[in-house]
Amino acid sequence: MSADSGAGHSPAGQEQTAPVVIAGGGPVGLMLAIELCLGGVTPIVLERLPEISDIPKGNGLVGQIVPVLDYRGLLDRLRAGSTYTGPVPGFSFGPLRLEFSGESPLQILAVPQRRLEHVLAARLAELGGSIRRGHELTEFSQDDEAVTVSVTGPAGDYLLTTRYLVGCDGAHSQVRKQAGIGFPGFTAPEVSLIGRVTLPDAVLLAGSGEAELPGLGRIQLTQQVRTPRGMYSLAPLTSLDATAPKGTYIVYTREDADPPANIAGAPDGRRLSDREPPVTLAELQASFRRVTGADVRMTDPTWLTRTVGNSRQADRYLEGRVLLAGDAAHVFGLALNAGLLDAVNLGWKLAAQVRGWAPAGLLASYHTERHAAGRRGLLHTRAQRALTGGDEITEAIRDLLGELLTVPGVARHLGELIAGTDIRYDMPGSEAGRHPLTGRLAPDLRLAATDRSRTRIAELMRAAGPLLLDFTLDGRVAPEAAGWQERVPAMVVKQLDGPPAADALLIRPDGYVAWATGPGAADPAAGLRESLTAWCGTSAASQRTSGNAAPRHDPPV
Ligand SMILES: Cc1cc2nc3c(=O)[nH]c(=O)nc-3n(C[C@H](O)[C@H](O)[C@H](O)COP(=O)(O)OP(=O)(O)OC[C@H]3O[C@@H](n4cnc5c(N)ncnc54)[C@H](O)[C@@H]3O)c2cc1C
């Protein structure tokens, strides 16, 4: 098998090779492909759809992925088409409202998923990567050496041989199923309806986040509202998609009791699933009437669908040479934040593995770090769901949590949970756990270099490599990393804003702080070498003494 770091290009019908094959060219597969290209590995991306789907899915990104996209130079491109980007003063928590005081813990990027996928595909093309659209993974087999992937493409069936297969193939992941990885959790019994419709009689109340509807009065927009018969929400599409026509809204309903079978049920009395079209405008309107008691006029539907709430997580994200990321690994609300962060966490580790410099355990740390993050996602989305029930016990819990939310710090705690910023990766090294930045996303500090040029951590991270920042006045720390200089650039810098964060920071390619020391530490380099070895492999000097100067391939996972 080829040990190079680029994809082979023999025509369909013949066997092909690539160091990594990604099944699924949705947002997570695209992001992973970008990260691999930045790490020097060009994957083959298989996407069964011939083009990016027009079906409206996500309306935006919420949480830690927003600054991380800035750390890849993608935020400005996405901001261009966004109706809102930045920190938010409040956010919904099921039917409750989180109001943040002080600095907001939650950033959002309102961007339609379709546009996100176009921007990511364009970035991938810039990096020399491409997507095989209309190519479907049908099955695969793996052994100790390789994975063989069967593909059906427009010109027929063919085989691919690869060292690693990553399933980014969505919630119904074929890769996950065939790898025998369990997907425990639950599918909620209720069916929700979602529609994109015009509400001709709705009047938006400027600046209030409210609208007035005949029969319904003033209602809060975006926020899910609990009524005695179910849940609903209304959001003006223009708040999510700048290109949407005025007067169009996303309408959501979920009923506590079963909707009448002749409206929302299948003829045989079964419940209709999200996969059985069509939903009619009359169905959505009737459901809205039952939930709210108001007869609101809806016209001109552009999209109508049923959804069921899924809350599941794969047992493991790694099985031999097969990995999972995104919805293939976990499904819950607002899962794009977690899915794209999976891709950024995995990309550099897999590239290091393929290129032969990964320290032992690096790839396995993907499962450890991101499976734990996925569990936090399940925690808050399940808790939010539990708050939406219509019974008296749920009402008591809702009221009590509503009271607790007025206690300082509680809304912030939940905001950080939603954002994923409460996660702190466990970092080896003698400083691990001591410095408050260790294990967290590096803050976007403004910096001045010794040549007086000014930069930000976000700009330095766009190379997607590890980085050592030495803030000591005499640049004492940087020479300690001399053995890693080919892989880990070291910069002596001055922090321009705020109180000094540290004497030195070692930042992983995904932007997380692997090691930090100071300010004012007696030995500012203590633990640095241990951390460099754990995340960046052995130093050039130790490779020479062990006679192992050539890159190793496939160190132990
Ligand atoms: C109505 C709706 C609204 C949503 N709103 C939000 C939101 O506002 N915010 C948010 O964070 N999340 C939202 N989500 C969830 C979000 O859309 C998903 O989390 C996201 O799409 C997951 O991305 P992914 O790349 O992991 O999977 P997907 O987007 O499902 O992409 C998987 C890709 O794999 C391809 N594929 C599947 N099988 C194969 C195969 N065998 N071979 C080749 N290709 C294959 C598919 O065609 C697809 O393109 C919403 C979802 C829905 C349905």
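Residues numbered from 1 in each chain as written. Predicted model: local features only at pLDDT ≥ 70, side-chain atom pairs only at ≥ 80, totals over all residues. Heavy atoms only, no water.

*Asks:* Could you clarify how one ought to interpret the overall build of the chain in this entry?
*Replies:* A count of helical and extended segments in the chain gives 14 helices and 28 strands. Taking all 557 residues of the chain together, the buried fraction comes to 52%. Just so you have it, the chain exposes about 23,600 Å², and 53% of that area is on carbon and sulfur atoms. (Helix = DSSP H or I, 4+ residues; strand = E, 2+ residues; numbered from the N terminus. Buried < 20%, exposed > 50% of the residue type's maximum accessible area, 1.4 Å probe, protein only. Areas by Shrake-Rupley, 256 points an atom, 1.4 Å probe, with all protein chains shown as cover.)

*Asks:* Please clarify how the pairing of strand 28 (residues 513–517) should be interpreted in this entry.
*Replies:* Remember that side chains alternate between the two faces of the sheet whenever the strand is regular. Within strand 28, five of the five residues are buried, which leaves it mostly tucked inside the rest of the structure. Pairing geometry for strand 27 (residues 504–507) and strand 28, over four bridges, is antiparallel. Bridge pairing links alanine 504 to threonine 517 in strand 28. Joining the antiparallel neighbours strand 27 and strand 28 is a turn of five residues, in which glycine 511 adopts a positive phi near 95°. (Pairing = 2+ DSSP bridges.)

*Asks:* For this particular structure, what's the right way to read a nonpolar patch on the surface?
*Replies:* Taken together, Leu400, Leu404 and Val407 make up a surface patch of nonpolar side chains, about 250 Å² in accessible area. Mapping leucine 404 onto the fold places it in helix 10 (residues 392–404). For leucine 404, a relative accessible area of 41% translates into the label partly exposed. (Patch = residues over 30% accessible without salt bridge, like charges linked within 9 Å, V, L, I, M, F, W, Y side chains within 5 Å. Salt bridge = Lys/Arg side-chain N within 4 Å of Asp/Glu carboxyl O.)

*Asks:* Just to check I follow, could you spell out the site of the ligand for this structure?
*Replies:* With respect to spatial proximity, 26 residues lie near the ligand, and among them Glu47, Gln113, Leu137, Asp327 and Leu336 are the closest. Here an oxygen atom of the ligand and a backbone polar atom of leucine 336 are 3.0 Å apart. Expressed as a share of its isolated accessible area of 1,000 Å², the protein-covered part of the ligand is 83%. Elements with a contribution of two residues or more to the shell around the ligand: helix 1 (27–38), strand 2 (44–47), strand 9 (136–142) and helix 8 (335–355). When its residues are assigned to classes, the shell around the ligand shows 11 nonpolar, nine polar and six charged. (Near = heavy atom within 4 Å. Polar contact = N/O pair within 3.5 Å; in protein donor to acceptor, adjacent residues only side chain to side chain. Nonpolar A, V, L, I, M, F, W, Y, C, P; charged D, E, K, R; others polar.)

*Asks:* Teacher, can you tell me more about the sheet that holds strand 12 (residues 185–198) here?
*Replies:* What links the strands of a sheet is backbone hydrogen bonding, and the strands pair in either a parallel or an antiparallel sense. The sheet built from six strands is open, its strands ordered 16-17-18-12-19-22 with antiparallel pairing. What marks the edges here is a single partner per strand, and that holds for strand 16 (225–227) and strand 22 (330–331). When strand 12 meets strand 19 (residues 299–313), the two strands line up antiparallel, connected through 10 bridges. The residue bridging glycine 195 from the neighbouring strand is leucine 304, located in strand 19. Packing of helix 7 (residues 281–292) onto the sheet brings it into contact with strand 12, strand 16, strand 17 (230–236), strand 18 (248–255) and strand 19, and relative to strand 18 it is tilted by some 65°. (Contact = heavy atoms within 4.5 Å. Axes fitted to C-alpha atoms, helices over the stretch in contact; angles between N-to-C directions.)

*Asks:* I keep staring at the packing of helix 1 against helix 8 and nothing clicks. Help me out?
*Replies:* Axes are the key here: two packed helices are described by the angle between their axes and the distance separating the axes. Taken N-terminus to C-terminus, the directions of helix 1 and helix 8 make an angle of 30°; their axes are 8 Å apart at the nearest point. Here helix 1 lies roughly parallel to helix 8, going by the angle between them. Classified by chirality, the crossing of helix 8 by helix 1 is right-handed. Of the residues in helix 8, those touching helix 1 at Pro27, Val28, Met31, Leu32, Glu35 and Leu36 are Leu336, Gly339, Leu340, Ala343, Val344, Leu346, Gly347, Leu350 and Ala351. Across the contact of helix 1 with helix 8, the residue classes tally to 12 nonpolar, two polar and one charged. (Parallel < 35°, antiparallel > 145°, perpendicular 65-115°, else oblique. Left-handed = near helix turned anticlockwise from the far one by under 90°.)

*Asks:* What am I meant to see in the environment of tyrosine 317 here?
*Replies:* Looking at the secondary structure, you find tyrosine 317 in the loop between strand 19 and strand 20 (318–319). Taking the relative accessible area as the measure of exposure, tyrosine 317 reaches 0% and is therefore buried. Through-space distance from the C-alpha of tyrosine 317 to that of alanine 329 is 6.5 Å; in sequence the pair is 12 residues apart. The contacts of tyrosine 317, once residues within four sequence positions are left out, are Val322, Leu323, Leu324, Ala329, His330, Tyr366, His367, Arg370, His371 and Gly374. A distance of 2.9 Å separates a polar atom in the side chain of tyrosine 317 from a polar atom in the side chain of glutamine 313.

*Asks:* Help me out: how do you make sense of the nonpolar core in this one?
*Replies:* Where a protein is soluble and globular, its nonpolar side chains tend to be buried together. Counting 112 residues, the largest nonpolar core has Leu165 and Ile457 as the members making the most contacts within it. Broken down by element, the residue count for this core peaks at 11 residues, all from helix 8. If sequence neighbours within four positions are ignored, isoleucine 457 has contacts with Tyr71, Ala442, Pro443, Asp444, Leu445, Leu447, Leu469, Leu505 and Ile507. Counting 21 residues, the second-largest nonpolar core is a separate cluster that includes Leu221, Tyr232, Val251 and Leu281. (Core = buried A, V, L, I, M, F, W, Y, C linked by side-chain atoms within 4.5 Å.)

*Asks:* Whenever I open this one, the pairing of strand 6 (residues 96–99) confuses me. Can you help?
*Replies:* Judged by which residues are buried, strand 6 turns out to be one-sided: Leu96 and Leu98 face inward and are buried, whereas Arg97 and Glu99, on the alternate face, are not. Summarising the sheet, strand 5 (residues 90–93) and strand 6 pair through four bridges and their orientation is antiparallel. Paired with phenylalanine 93 across the two strands is leucine 96, which belongs to strand 6. Linking two consecutive strands that pair antiparallel, namely strand 5 and strand 6, is a turn of two residues; a positive phi of about 60° is found at glycine 94 within it.

*Asks:* Would you take a moment to explain the side chain of histidine 380 for this structure?
*Replies:* Along the chain, the position of histidine 380 falls in helix 9 (residues 362–386). We classify histidine 380 as buried; its relative accessible area is 4%.

*Asks:* Sorry if this is basic, but what is going on with the side chain of glutamine 285 here?
*Replies:* Take glutamine 285: it is sitting in helix 7. Residue classification places glutamine 285 among the buried positions, given a relative accessible area of 18%. If we ignore the near neighbours within four places in the chain, the residues touching glutamine 285 are Asp295, Val296, Arg297 and Met298.

*Asks:* Looking at this model, I keep getting lost on the pattern of salt bridges. Mind explaining?
*Replies:* When charged atoms on two side chains of opposite charge get close, those side chains can pair. Scanning the entire structure with this criterion turns up 26 salt bridges. Linking aspartate 70 and arginine 462 is a salt bridge whose minimum nitrogen-to-oxygen distance equals 2.8 Å. Taken as a pair, aspartate 70 in helix 2 (residues 65–70) and arginine 462 in the loop between helix 12 (457–460) and strand 25 (467–470) lie far apart in primary sequence, 392 residues in all. Look at aspartate 70 and you get buried, because its relative accessible area is 11%.

All we've got here are geometric facts, nothing functional implied.
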